[in-house]
Amino acid sequence: MSEKRIHYGATFAVLAVGALAFSILQSLIIPAIPQLEHTLHTTTSGATWLLTGYLLSAAVATPILGRAGDMLGKARTMALVLVALSVGTLISALATTLPIMLTGRVIQGVGGAVFPLAFGIARDEFPADKVAGAVGFLSAILGGGVGLGIVLAGPIVGHLSYHWLFWFPLALSLIAMVATLIFVPESPVRAPGTINWVGALCMSGWLACGLLAVSYGPTWGWKSASVLGLFAAAAVLMALWIHSENRSASPLVDMKMMRIPAVWTTNLAALLFGFGMFAMFITVPQFTETPTHVGYGFGASITQSGLFLLPFAVAMAVIAPLTGRLAARVGSKTILITGSLFAASCYGLLTVAHSQPWNIYLAAGLLGIGVAFGYASMANLIMEAVPSTQTGVATGMNTNIRNIGAALGSGVTTSVVISNLLPDGFPREHGYVVAFALCGASLVVAMLAAIRIPSRDRAHEFHPTHRALAGEAEVFAGAIALVTED
């Protein structure tokens, strides 16, 4: 094992490239949706499916493949996930019709499992004092890659074509796939049991129904029979999922694990961070592209609107590498609370000041700092609270909850913005103000959830599956030994 571990730096680089490929693909298409609507001869709703299908696929695949990695081997599963990501990206790059491109996007969504698998590999294979920093940086890539995708989309579409929205990420995913086979050692840690396929089916169903309802609520109407029916179906399937997991000898998601204070509070923060981050990517481009004659906005082009979010990507790139050392000094909980404050201050600023370009630039930078802190700390908090055999599924659910938050953020803020239109069809400025205030409030709640995370000086009280691992947490020199309670 010592020979394998000497390559942990190369392993980290491979994991980072794979994570970057997936996160860029998550957002690169957003600014191009209006053009794809015209080029693919479809409607706005049809073009939006290119984002919704991707999120749905990721929501379903991430926890299932995270569990598969825990059972069958994380490196092997990672290689297969990157194959799927590459195949789906190739299909979309070659597509000239909506059904073919959508097929590729759904296959790409399988790549969402890159993150829980990467976290598990880092926990199993890296030196103890490198784990917190590596996981923090990989987590921050999820937010930074999304921001980078928004920034790059305009120049790519403007100077090349929409096909290149996929050719560039394809190169990254192919490099990561080949390098995984060379540099990523197979983990010796295995979780016993099998996958609870009934639970997996129910979980897939409630995630799909819930995300569809949120994604199409603004279009169909939140009180429409279709949206209410989807929400009802999601509630029923979630209840069946919980029942199935509680009765299963080998649950896909251990419900006792999900009730650990450090886990559920961190997952709540993840939901709200996803909400706030993705809301920025939806509202700011629309706001900045609004013609000045409307009374607000800057009349920006697609490329210029992406540049307004450049401070977000820069802040992520600068702050992410620092989170590991900071967590070692002050603890991941403190980092999460600080990140929540920075992110909330972004929307506090936008709520009261958005008439000058520097307002947008500063707000984007504040959100970048907040998300870098928040995403980096959440994965470490989850890993510190669960056994190593549950790393994949636990971090997979945390990543998944962020994706649900992202769908909520895009759906809810879009609904708020377009709820009151001017005679010329543009949203009223007040709609954006309400959306900004709503996001700020959600991130204040994220801070309150972070405060609820048990502190290191509380009495340790593990449930049975954790007791055997009480000593394991001590090897994480750069992380906190979290306190969990039933």
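This one's a predicted model, so the numbers in the text were calculated from it and none came from an experiment.

Peer 1: I keep staring at the overall build of the chain and nothing clicks. Help me out?
Peer 2: Counting its secondary structure elements, the chain contains 21 helices and zero strands. Pairs at least 24 residues apart make up 82% of the contacts formed inside the chain by residues separated by at least 6 positions. Per element, the accessible surface of the chain, about 18,000 Å² overall, is 69% carbon and sulfur.

Peer 1: Is there a simple way to think about the confidence of the model for the chain in this case?
Peer 2: Caution applies to low-pLDDT parts of the model: their predicted coordinates are not meant to be read in detail. Looking at the chain, the pLDDT average stands at 81 and 89% of residues meet or exceed 70. When the criterion is pLDDT under 50, residues 1-6 qualifies, and its contacts beyond four places in sequence or with other chains add up to six contacts. The low-confidence segment residues 457-486 (pLDDT under 50) makes 66 contacts with residues lying over four places distant or belonging to another chain.

Peer 1: It is not clear to me how the side chain of Thr62 should be interpreted in this structure. Could you clarify?
Peer 2: Along the chain, Thr62 falls in helix H4 (residues 44-72). Residue classification places Thr62 among the buried positions, given a relative accessible area of 0%. There is a polar contact of 2.6 Å between the side chain of Thr62 and the backbone oxygen of Ala58. Contact partners of Thr62, with chain neighbours within four places excluded, come to Gly112, Ala113, Pro116, Gly396, Thr399 and Asn400.

Peer 1: Please explain a nonpolar patch on the surface as it appears in this structure.
Peer 2: A cluster of nonpolar side chains, namely Val178, Leu181, Ile182 and Phe183, defines an oily patch on the protein surface of about 410 Å² accessible area. Locating Phe183 in the fold gives a position in helix H9 (residues 164-183). For Phe183, a relative accessible area of 36% translates into the label partly exposed.

Peer 1: Is there a simple way to explain unusual backbone geometry in this structure?
Peer 2: Glycine aside, the phi torsion of most residues is negative, and most peptide linkages are trans. With phi around 55 degrees, His41 is a residue other than glycine that occupies positive phi space. Tracing the sequence through the fold places His41 in the loop between helix H3 (33-39) and H4. Here His41 falls in the exposed class, since its relative accessible area comes to 72%.

Peer 1: Could you clarify how one ought to interpret helix H20 (residues 429-452) in this entry?
Peer 2: Three or four residues apart is the spacing at which side chains of an α-helix point the same way, because the helix has 3.6 residues per turn. Taking 1.5 Å of rise per residue, 24 residues should cover 34 Å, and H20 covers 36 Å from first to last C-alpha, within 8% of that figure. For H20, the set of buried residues is Gly431, Tyr432, Ala435, Phe436, Cys439, Gly440, Ser442, Leu443, Ala446, Met447, Ala449 and Ala450.

Peer 1: It is not clear to me how the packing of helix H17 (residues 332-352) against H20 should be interpreted in this structure. Could you clarify?
Peer 2: A packed helix pair is summarised by two numbers, namely the angle formed by the two axes and the spacing between the axes. The interhelical angle for the contact between H17 and H20, taken along N-to-C directions, is 165 degrees, at an axis separation of 8 Å. Taken together, the axes of H17 and H20 are roughly antiparallel relative to one another. Along this stretch, H17 crosses H20, giving a crossing that reads as left-handed. Here Lys333, Leu336, Ile337, Ser340, Leu341, Ala343, Ala344, Tyr347, Leu350 and Thr351 of H17 lie close against H20, whose contacting residues are Val433, Phe436, Ala437, Cys439, Gly440, Leu443, Val444, Ala446, Met447, Ala450 and Ile451. Of the residues belonging to the contact of H17 with H20, the class tally is 17 nonpolar, three polar and one charged.

Peer 1: Help me out: how do you make sense of the packing of helix H2 (residues 8-27) against helix H5 (residues 74-94) in this one?
Peer 2: Packing of H2 against H5 brings their axes to within 12 Å, and their N-to-C directions diverge by 35 degrees. For the element pair H2 and H5, the recorded crossing hand is left-handed. Taken together, the residues of H5 that come into contact with H2 (itself represented by Leu15, Gly18, Ala21, Phe22 and Leu25) are Met78, Leu82, Leu85 and Thr89. Classifying every residue of the contact of H2 with H5 gives seven nonpolar, two polar and no charged.

Peer 1: Looking at this model, I keep getting lost on the packing of aromatic side chains. Mind explaining?
Peer 2: Each aromatic ring pair is characterised by the separation of its centres together with the angle its planes make. All told, the structure shown has 17 aromatic pairs when counted by the stated rule. A ring pair is formed by Trp164 and Phe168, whose centres lie 5.3 Å apart and whose planes are at 45 degrees; its orientation type is tilted. In this pair, Trp164 and Phe168 both sit in helix H9, four residues apart, roughly one turn of the helix. Geometrically, the ring pair formed by Phe308 and Tyr361 is stacked, given 5.0 Å between the ring centres and 15 degrees between the ring planes.

Peer 1: Would you explain the side chain of Ser442 in this entry?
Peer 2: Mapped onto the fold, Ser442 is located in helix H20. Contacts of Ser442, omitting those with residues within four sequence positions, involve Leu272 and Phe275.

Peer 1: Where do I start with the environment of His163 in this structure?
Peer 2: Along the chain, His163 turns up in the loop between helix H8 (128-159) and H9. Distance from His163 to Leu90, taken between C-alpha atoms, is 9.6 Å for residues 73 residues apart in sequence.

Peer 1: Sorry if this is basic, but what is going on with the environment of Ser250 here?
Peer 2: Mapped onto the fold, Ser250 is located in the loop between helix H11 (225-247) and helix H12 (255-258). Separated by 54 residues in the primary sequence, Ser250 and Asn196 have C-alpha atoms spaced 6.3 Å apart.

Each value, and the rule that gives it
Residues numbered from 1 in each chain as written. Predicted model: local features only at pLDDT ≥ 70, side-chain atom pairs only at ≥ 80, totals over all residues. Heavy atoms only, no water. Helix = DSSP H or I, 4+ residues; strand = E, 2+ residues; numbered from the N terminus. Contact = heavy atoms within 4.5 Å. Areas by Shrake-Rupley, 256 points an atom, 1.4 Å probe, with all protein chains shown as cover. pLDDT = per-residue confidence, 0-100. Buried < 20%, exposed > 50% of the residue type's maximum accessible area, 1.4 Å probe, protein only. Polar contact = N/O pair within 3.5 Å; in protein donor to acceptor, adjacent residues only side chain to side chain. Patch = residues over 30% accessible without salt bridge, like charges linked within 9 Å, V, L, I, M, F, W, Y side chains within 5 Å. Salt bridge = Lys/Arg side-chain N within 4 Å of Asp/Glu carboxyl O. Expected span 1.5 Å × (residues − 1). Axes fitted to C-alpha atoms, helices over the stretch in contact; angles between N-to-C directions. Parallel < 35°, antiparallel > 145°, perpendicular 65-115°, else oblique. Left-handed = near helix turned anticlockwise from the far one by under 90°. Nonpolar A, V, L, I, M, F, W, Y, C, P; charged D, E, K, R; others polar. Phe/Tyr/Trp six-rings, centres within 6.5 Å; stacked < 30°, edge-to-face > 60°.

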